[in-house]
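Residues per chain are reported as follows:
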Amino acid sequence: MTASAEPRTAASAPVSPTPASSSPRSVRTSRRIPRGTVDWRIRFAALGLVWGFSFLFMKVGNEAFAPLQVTLGRMVFGTAVLAVAVAVKRERLPRGPRVWLHLTVAAVLLNSLPFSLFAYSEQTIPSMLAGICNAATPLFSMLVSVVALSEDRPSRQRFAGVGLGFIGVLTVLGAWQGFSGQDPKGTIMALTAAFSYAVGWAYVRRTLSGTGSSHLAMSASQLSIGTAQLLLVTPFFTSMPDSYPLTSVLSVLALGALGTGFAFLIQYGLVAEKGPTIGSMVTYLIPIVATAAGVLLLGEALSWNEPLGAAVILVGAALTQRRPKAVPTPEPEPEMVAVPVAAEVQLQTLIRTEDALPAAEPRSAAEPGANVPVTAVRAQP
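Residues numbered from 1 in each chain as written. Predicted model: local features only at pLDDT ≥ 70, side-chain atom pairs only at ≥ 80, totals over all residues. Heavy atoms only, no water.

1. Considerations on the overall build of the chain
- The number of helices and strands found in the chain is 13 helices and zero strands.
- Along the chain, from the amino end to the carboxyl end, the secondary structure elements read α-α-α-α-α-α-α-α-α-α-α-α-α.
- Long-range pairs, those at least 24 residues apart, make up 89% of the contacts in the chain between residues at least 6 apart in sequence.
- When the accessible surface of the chain is totalled, it reaches about 22,300 Å², and 64% of it is carbon and sulfur. (Helix = DSSP H or I, 4+ residues; strand = E, 2+ residues; numbered from the N terminus. Contact = heavy atoms within 4.5 Å. Areas by Shrake-Rupley, 256 points an atom, 1.4 Å probe, with all protein chains shown as cover.)

Here's what the structure looks like:
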């Protein structure tokens, strides 16, 4: 789960007026940007590693648990991490039934549904293919934004990026071979999960902007709702596991605590320090890490078309994120002030009256207003 907006920063305290006796200094009221103790590049790489390894963790978790149980464990451990962070920072949870209703829908679209679909998909497809399908999220996001967000007008370049990205998807799947070797059902599940992310982010942007709560509090609330949803659903579709192998248990723990909990905290600080553009670029690391982990640690087979298609998807996704540069508006030239006819008549009358008066004594140059020629009056820009 990623964050599409910047985290809220604390408002700066009011600045008291500077005493007259003090030396003149410029008073700054700019907000301080929070900086992490670890360099942002290290945190960026750690975020890509954690999210890339999430697909490996799901694969190993599926060896002992049902996909819904893997997802439930992920949600429980992730919620626990965010709940501790909210308590430590003393964040206020969102209020109002309308906000919580929107958070319930967002929890389905961004957590319960895509997490479960990815876990189910990895029963029949390699973890690296699931990671590559996740890279299609920016492609779906642009298409959804055209329909759901009328203010987002894509350029031809961004549409070209979508087309190129889907060519990459077909390349990964080996469309010319009739999708041989890949399970269509599992692949469709993974792509549907990526589409669910896109719909979820558009929904959040449309309904939960400007609630007044921090992104940390909103995400913790959303994840807790998703956990409650899975607690209600999972018992009806699964049974108790026969065993609890250590590797599967640790994989689910890492998937939730690291891939869902701490990963959000890392991204939260990264976006706060470097901006949302840097925070969103981690999307391009995930399929690379997922592919390397699947091949090197799980022994998954890698064909030439999969890395090639993944590269094409990433190029297309990068094009969809590019926006046209804003053309600077030139400053308008100062215009002559048009004097109304009535004012012009009054001005001429005043000039004639002054001509009829006796000449005044010439003032010295030191007196104010001496030797100041009257020129055309211009409006201030």
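2. Here's the deal with the packing of aromatic side chains
- This structure, assessed with the given rule, holds eight aromatic pairs.
- Between Phe53 and Phe57 the ring centres are 6.2 Å apart and the planes differ by 35°, which places this aromatic pair in the tilted class. Here Phe53 pairs with Phe57, and both are found in helix 1 (residues 40–61), just four residues apart, close to one helical turn.
- For Phe53, a relative accessible area of 26% translates into the label partly exposed.
- The interplanar angle of 85° and the centroid separation of 5.4 Å between the aromatic rings of Phe55 and Phe118 together place this pair among those described as edge-to-face. Of the two residues, Phe55 sits in helix 1 while Phe118 sits in helix 3 (residues 97–121), which places them 63 residues apart along the sequence.
- On the basis of relative accessible area, Phe118 is assigned to the buried category, the value being 2%.
- Among the aromatic side chains, those forming a connected cluster through ring pairs are Phe55, Phe118 and Tyr197.
- Taking NZ or CZ as reference, Arg74 lies 3.6 Å from the ring centre of Phe115, over its face. (Phe/Tyr/Trp six-rings, centres within 6.5 Å; stacked < 30°, edge-to-face > 60°. Buried < 20%, exposed > 50% of the residue type's maximum accessible area, 1.4 Å probe, protein only. Lys NZ or Arg CZ within 6 Å of the ring centre and 35° of its normal.)

3. Notes on the nonpolar core
- Counting 73 residues, the largest nonpolar core has Phe55, Met58, Phe118, Leu208, Leu216 and Ile313 as the members making the most contacts within it.
- The residues contacting Leu208, other than those within four sequence positions of it, are Val99, His102, Leu103, Ala106, Tyr203 and Met218. (Core = buried A, V, L, I, M, F, W, Y, C linked by side-chain atoms within 4.5 Å.)

4. Focus: unusual backbone geometry
- Of note in the backbone geometry, Arg90 takes a positive phi value of approximately 55° without being a glycine.
- On the basis of relative accessible area, Arg90 is assigned to the exposed category, the value being 74%.

5. A short note on helix 11 (residues 286–298)
- In a regular helix each residue adds 1.5 Å, so 13 residues correspond to 18 Å; helix 11 covers 17 Å between its end C-alpha atoms and thus fits that length.
- Considered for burial, the residues of helix 11 that qualify are Ile286, Pro287, Val289, Ala290, Thr291, Ala293 and Gly294.
- Buried residues along helix 11 sit in contact with helix 1, helix 4 (127–134) and helix 12 (305–321).
- After helix 11 finishes, the residue Gly299 shows a positive phi value of roughly 70°. (Expected span 1.5 Å × (residues − 1).)

6. Some points on the side chain of Thr187
- Considering the arrangement of structural elements, one finds Thr187 in helix 7 (residues 184–207).
- The class of Thr187 is buried, set by a relative accessible area of 4%.
- Contact partners of Thr187, with chain neighbours within four places excluded, come to Ile125, Leu129, Cys133, Leu173 and Gln182.

Read these as layout, nothing more, since geometry by itself doesn't imply function.
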